[in-house]
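Residue-level listing of the chains:
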Amino acid sequence: MRIRATVAAVSGALALSALAVPAALAGDHTVPNLNKPTSGAEVFGTAAARGASKAAAATAADASEPVISKVVVNGGKDVVLGTTAKKTISISVTASHASGVIDAYADLWHGTNPNSPDTIDGAILPNEDVSTCTKVNATTSTCKLTFTIDPRYDLYKNSLAGTWHVTAGALAGNQTDMVWNDYFSTARVQRLSKLTVNAAPEPVKKGGTITVTGKLSRANWEDHAYHGYATQPVKLQFRKKTSSTYTTIKTIKSSSVGNLKTTVKASVDGYWRYSFAGTSTTPAVTTAGDFVDVK
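An account of the accompanying structure is given in this report. All figures in this text were calculated on a predicted structure; none of them were measured in a lab.

Observations regarding the sheet that holds strand β5 (residues 87-96)
Adjacent strands of a sheet pair through backbone hydrogen bonds, lying either parallel or antiparallel. Spatial strand order, β3-β5-β9-β8: four strands in an open sheet with antiparallel pairing. Each edge of the open sheet carries a strand with a single partner, namely β3 (67-73) and β8 (132-135). Ignoring which end each strand starts from, the neighbouring axes of this sheet average 20° apart. Examined bridge by bridge, β3 and β5 share six bridges and lie antiparallel to one another. Residue pairing in the sheet places Val 73 in a bridge with Ile 91 of β5.

Concerning the pattern of salt bridges
Enumeration according to the criterion identifies five salt bridges in this entry. Of the charged contacts, one joins Asp 121 and Lys 157 as a salt bridge, the two residues approaching to 3.1 Å between their closest N and O atoms. A residue pair is termed long-range when its members are at least 10 positions apart, and Asp 121 in strand β7 (residues 120-124) and Lys 157 in the loop between β9 (140-149) and β10 (162-172) qualify at 36 residues. Shared partners join several salt bridges into a network, and the residues in it are Lys 36, Asp 107 and Asp 182.

What about the environment of Ala 199?
The topology assignment puts Ala 199 in strand β12 (residues 193-200). C-alpha of Ala 199 to C-alpha of Thr 211: the two residues are twelve residues apart in sequence and 5.7 Å apart in space. Dropping the residues within four chain positions of it, Ala 199 is found in contact with Ile 210, Thr 211, Val 212, Trp 272, Asp 290 and Val 292.

Here is what the cut-offs are and how they apply
Residues numbered from 1 in each chain as written. Predicted model: local features only at pLDDT ≥ 70, side-chain atom pairs only at ≥ 80, totals over all residues. Heavy atoms only, no water. Pairing = 2+ DSSP bridges. Helix = DSSP H or I, 4+ residues; strand = E, 2+ residues; numbered from the N terminus. Axes fitted to C-alpha atoms, helices over the stretch in contact; angles between N-to-C directions. Salt bridge = Lys/Arg side-chain N within 4 Å of Asp/Glu carboxyl O. Contact = heavy atoms within 4.5 Å.

Given below as structure tokens:
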């Protein structure tokens, strides 16, 4: 992932200085490039850099900032990463201007102040230097960028799970007017969760005891393994063999190491499963049903 090149001389200098800064270390993890752009001039260039003739071409009617009406991250879904597999997502920016819109920018960042590098501990930058824009009409375009996220590099600590800021910018068709907002919206980046279930014995006599065990775990971005998610509420659900609907029987909490265990009385043939509703840092997950034959 890289910061796009610009035609502004000052931006080029900034990019070179950013590349010259050695990566910091957090434990045994290399901290990724956190030098995100913080203005439209860095990304789209300045009117002076493009030449006075283009700047003079802007009319009074279109000399205003583009208006960004919508930004969609990952199709509106949370961004969920495990321990090793990279994931490529897209961000689309819809913007309007009297002269049209010819480019847009977006990124994800984690921290408090984009203008203060010491307060940023996460940045996910686009793969492309220029977005792909599709005209909606003469004044409006939807522009798309892709982002490849590597949990072994970009997500170097577990505290990065949760809410990230979304930067959005757009360049007008007159190549002069632009808009930039480092706080346009937010998106959630989460640690992949896993859940297991086992109902036993199978078969079981009617009125007998069924023990339902399982484990709730989630990705640890610091050691690249899955560890139990402690003291989380998890629903035990059941559906009869003749039904297609699950009913919640009880809610239990995972142990200090994520284990689940409870007992129920056997009454009819059916499927048992566990269901976790998720948290701000960890997505919801539900097991497949485990069938128990009641004799």
